[in-house]
Amino acid sequence: KMLLMPLVGLTTVYLIDRSGLLQLESPWDEPLYLAALVVTCTPTANNIIVLSEQAGGDRAAVSTIVFAQYLCAPLLLTLSVTCFVMFVSRDDPTVPGPRAWWPGDVVY
């Protein structure tokens with residue numbers, strides 16, 4: 001979840017941004033995109049263990065998965081949020097400048 005979902009979120013926000021689906025003026029666009037991206041990189045909540053147990057699932061297995069996510073969270077959250085901030089604060093790739101970094105963006 002903490003590896004795949006940030007990539008899905010980043011791709012979704014990128015496509016929404018490129019398509020012009022949301023016509024947000026600065027400074028409202030960057031905080032909205034950042035909030036949408038940060039939501040995708042958080043670990044699974046502990047209440048999923050209770051839900052799994054009530055549904056007849058294996059509580060020990062779910063607990064182990066949640067524990068593993070929390071062990072990886074400091075590194076993965078740092079990397080994800082750093083990438084997200086770079087994405088949100090990037091310059092417009094259509095404007096000449098050296099900061100276009102997304103694959104396919106043209107640096108003039």
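Provided above is the structure to which this section pertains.
In this text, all values refer to a predicted model and were calculated from it rather than measured experimentally. (Residues numbered from 1 in each chain as written. Predicted model: local features only at pLDDT ≥ 70, side-chain atom pairs only at ≥ 80, totals over all residues. Heavy atoms only, no water.)

## A closer look at the overall build of the chain
For the chain, the helix and strand inventory stands at four helices and zero strands. The secondary structure elements of the chain, listed N-terminal to C-terminal, are α-α-α-α. Considering the chain as a whole, with its 108 residues, one finds that 27% of them fall into the buried category. Partitioning the intrachain contacts of the chain with sequence separation of at least 6 by distance along the chain shows that 60% fall at a separation of at least 24. Carbon together with sulfur atoms contributes 70% to the accessible area of the chain, which is approximately 7200 Å² in total. (Helix = DSSP H or I, 4+ residues; strand = E, 2+ residues; numbered from the N terminus. Buried < 20%, exposed > 50% of the residue type's maximum accessible area, 1.4 Å probe, protein only. Contact = heavy atoms within 4.5 Å. Areas by Shrake-Rupley, 256 points an atom, 1.4 Å probe, with all protein chains shown as cover.)

## Looking at the packing of helix α1 (residues 4-19) against helix α4 (residues 59-88)
The contact between α1 and α4 brings their axes to 11 Å, and the two run at 10°. Classified by the angle their axes make, α1 and α4 are roughly parallel. Between α1 and α4, the contacting residues are P6, L10, V13 and Y14 on the first element and S80, F84 and F87 on the second. Residues that form the contact of α1 with α4 fall into these classes: six nonpolar, one polar and no charged. (Axes fitted to C-alpha atoms, helices over the stretch in contact; angles between N-to-C directions. Parallel < 35°, antiparallel > 145°, perpendicular 65-115°, else oblique. Nonpolar A, V, L, I, M, F, W, Y, C, P; charged D, E, K, R; others polar.)

## Observations regarding helix α2 (residues 29-40)
A turn of α-helix holds 3.6 residues, and therefore any two residues three or four places apart point the same way. Here α2 is twelve residues long and its end C-alpha atoms lie 17 Å apart, about the 16 Å a rise of 1.5 Å per residue gives. Listing the buried residues of α2 in full gives D29, Y33, L37 and T40. The buried residues of α2 occupy an angular sector of 50° when the element is viewed end-on, so they sit on one face. In this fold, the buried residues of α2 make contact with α1 and α4. (Expected span 1.5 Å × (residues − 1). Arc of directions from axis to C-beta.)

## Some points on the pattern of salt bridges
The final tally for this structure, using the stated rule, is one salt bridge. E53 is the salt-bridge partner of R59, the closest N and O atoms lying 3.5 Å from each other. Residue class for R59 comes out partly exposed when judged on its relative accessible area of 43%. Assessed through its relative accessible area of 41%, E53 is described here as partly exposed. (Salt bridge = Lys/Arg side-chain N within 4 Å of Asp/Glu carboxyl O.)

Remember, this is a structural readout, not a statement about activity or role.
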